[in-house]
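Structural characterization, general
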Amino acid sequence: MKVAIVGYGKMGRMVEQWAMSAGHDIGARIDKDDPIEGAIGCDVAIEFTEPTVAFNNILALGALGIPTVVGTTGWHARLPEIEGKVEALVYGTNFSIGVNVFNEMVAAAARFMTGVSGYEAYCWEAHHSQKKDAPSGTANTLVERMRGAGYTGPIDMASTRAGMIPGIHEVGFDSAADTITLRHTARSRDGFAQGAVFAAEWIVGKQGIFEFGQVMRTSLGLN
């Protein structure tokens, strides 16, 4: 594929490395103040910018008919506004393949625990001190998946912001007798870039708006 990278910061450069290692060509590198029209002729765009500009980038790429993977978060409340304005798009709170597999494990555990008494649940996450939102979007997604699996008990949520932690998400069920713990620990941002390239390969040739979890469940044969 010929890939347009929209947002050429740390994540954009990492996406570039993963895309090239997978045999794809970089057709455009679009950073701040660069016209989005630079993506014309590309098969797909991967967008990692800021919430304040991501929405306009999505509309502009949609107008050009370029399938888009959006790794930027913080704009999802405006999803209804892009209906009919993009042909093919993948978005998500976390593009790590490992995290999305972890989501499925947590949902399965929550489903089991709906019929077990005596346990209380929690969801804890930790990130580097520069991450301002808390709890993380991924933690919120984990709780949504637990609720979707039928877990109705209280779920205590907590966040930590310190140092250079790439990302830790932990879900636990605690009782007087024991504790059941599920944890995902990110070692770097590579997982996010790998997932974005995977989503870009998947979306080409398709139509519709997809959440990355849907993409993963389809790929794993869970849908």
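See the structure shown above.
Summary of the structure given here.

Rules and cut-offs
- Residues numbered from 1 in each chain as written.
- Predicted model: local features only at pLDDT ≥ 70, side-chain atom pairs only at ≥ 80, totals over all residues.
- Heavy atoms only, no water.
- Pairing = 2+ DSSP bridges.
- Helix = DSSP H or I, 4+ residues; strand = E, 2+ residues; numbered from the N terminus.
- Axes fitted to C-alpha atoms, helices over the stretch in contact; angles between N-to-C directions.
- 1 Å grid on protein atoms, 1.4 Å probe; cavity = no way out; pocket = protein on both sides within 12 Å on 5 of 7 lines; lining within 4 Å.
- Points joined across faces, edges and corners; volume = space filled by probe spheres on them.
- Nonpolar A, V, L, I, M, F, W, Y, C, P; charged D, E, K, R; others polar.
- Buried < 20%, exposed > 50% of the residue type's maximum accessible area, 1.4 Å probe, protein only.
- Contact = heavy atoms within 4.5 Å.
- Polar contact = N/O pair within 3.5 Å; in protein donor to acceptor, adjacent residues only side chain to side chain.
- Phe/Tyr/Trp six-rings, centres within 6.5 Å; stacked < 30°, edge-to-face > 60°.
- Lys NZ or Arg CZ within 6 Å of the ring centre and 35° of its normal.
- Parallel < 35°, antiparallel > 145°, perpendicular 65-115°, else oblique.
- Core = buried A, V, L, I, M, F, W, Y, C linked by side-chain atoms within 4.5 Å.

**A few points about the sheet that holds strand β4 (residues 68–70)**
Reading across from one edge, β2-β1-β3-β4-β5-β10 is the order of the six strands in this open sheet, with parallel pairing throughout. Two strands bound the open sheet, and with one partner strand each, they are β2 (25–30) and β10 (208–211). Within the sheet, the average angular offset between the axes of one strand and its neighbour, ignoring direction, is 20°. Sheet analysis places strand β3 (residues 44–47) next to β4, joined by three bridges and oriented parallel. Bridging from a neighbouring strand, Ala45 pairs with Thr68 of β4.

**Points about empty space enclosed by the protein**
One pass over the full model with this rule turns up one cavity of 30 Å³ or more. The calculated volume of the largest cavity comes to roughly 40 Å³. Considering the residues around the largest cavity, the lining is formed by Ile58, Gly62, Gly65, Ile66, Pro67, Thr68, Val86, Glu87, Ala88 and Leu89. Residues of the lining of the largest cavity, tallied by class, amount to six nonpolar, three polar and one charged.

**Re the pairing of strand β9 (residues 179–185)**
The sheet contact formed by strand β8 (residues 168–174) and β9 spans seven bridges and is antiparallel. Within the sheet, the bridge partner assigned to Phe173 lies in β9 and is Ile180. A loop of four residues connects β8 with β9, the two strands running antiparallel in sequence.

**Things to note about unusual backbone geometry**
Residues other than glycine seldom take positive phi values, yet Asp33 does so here, at roughly 75°. Topologically, Asp33 is positioned in the loop between β2 and β3. A residue is classified by how much of its surface remains accessible, and Asp33, at 81% relative accessible area, is exposed.

**Points about the environment of Asp174**
Looking at where Asp174 falls in the secondary structure, it is placed in strand β8. Asp174 gets classed as partly exposed once you look at its relative accessible area, which sits at 36%. When neighbours within four sequence positions are excluded, Asp174 is seen to be in contact with Gly118, Tyr119, Glu120 and Thr179. Within the structure, the side chain of Asp174 is placed 2.4 Å from the side chain of Thr179, a separation counted as a polar contact.

**Brief notes about the packing of aromatic side chains**
Evaluation of the coordinates by the stated rule reveals four aromatic pairs. Taken together, a centroid distance of 4.9 Å and an interplanar angle of 85° make the contact between Trp202 and Phe210 edge-to-face. Overall, the relative accessible area of 16% leaves Trp202 in the buried class. Residue Phe210 is classed as buried on the basis of its relative accessible area of 17%. Sitting above the plane of the Trp202 ring, Lys206 keeps its charged end 4.5 Å from the centroid.

**Things to note about the packing of helix α5 (residues 190–203) against helix α6 (residues 212–219)**
Contact geometry of α5 with α6 gives a least axis separation of 11 Å together with a crossing angle of 70°. Relative to α6, the element α5 is oriented roughly perpendicular. Within the contact between the two elements, α5 uses Gly195, Phe198, Ala199 and Trp202 and α6 uses Phe212, Val215, Met216 and Ser219.

**Here we look at the nonpolar core**
With 27 residues, the main nonpolar core has Val15, Ile46, Val69, Val90, Phe95, Ile203 and Phe212 as its most contacted residues. Looking at this core, the elements with two or more residues in it are β1 (2–6), α1 (10–21), β3, β5 (88–91), α5 and α6. Each residue touching Phe95, except ones within four places of it in the same chain, is listed here: Val69, Val70, Gly71, Val90, Asn100, Gly191, Phe192, Gly195, Ala196, Ala199 and Phe212. The next biggest cluster of nonpolar side chains, apart from the first, holds 16 residues, and it includes Ala121, Met146, Ile155 and Phe173.

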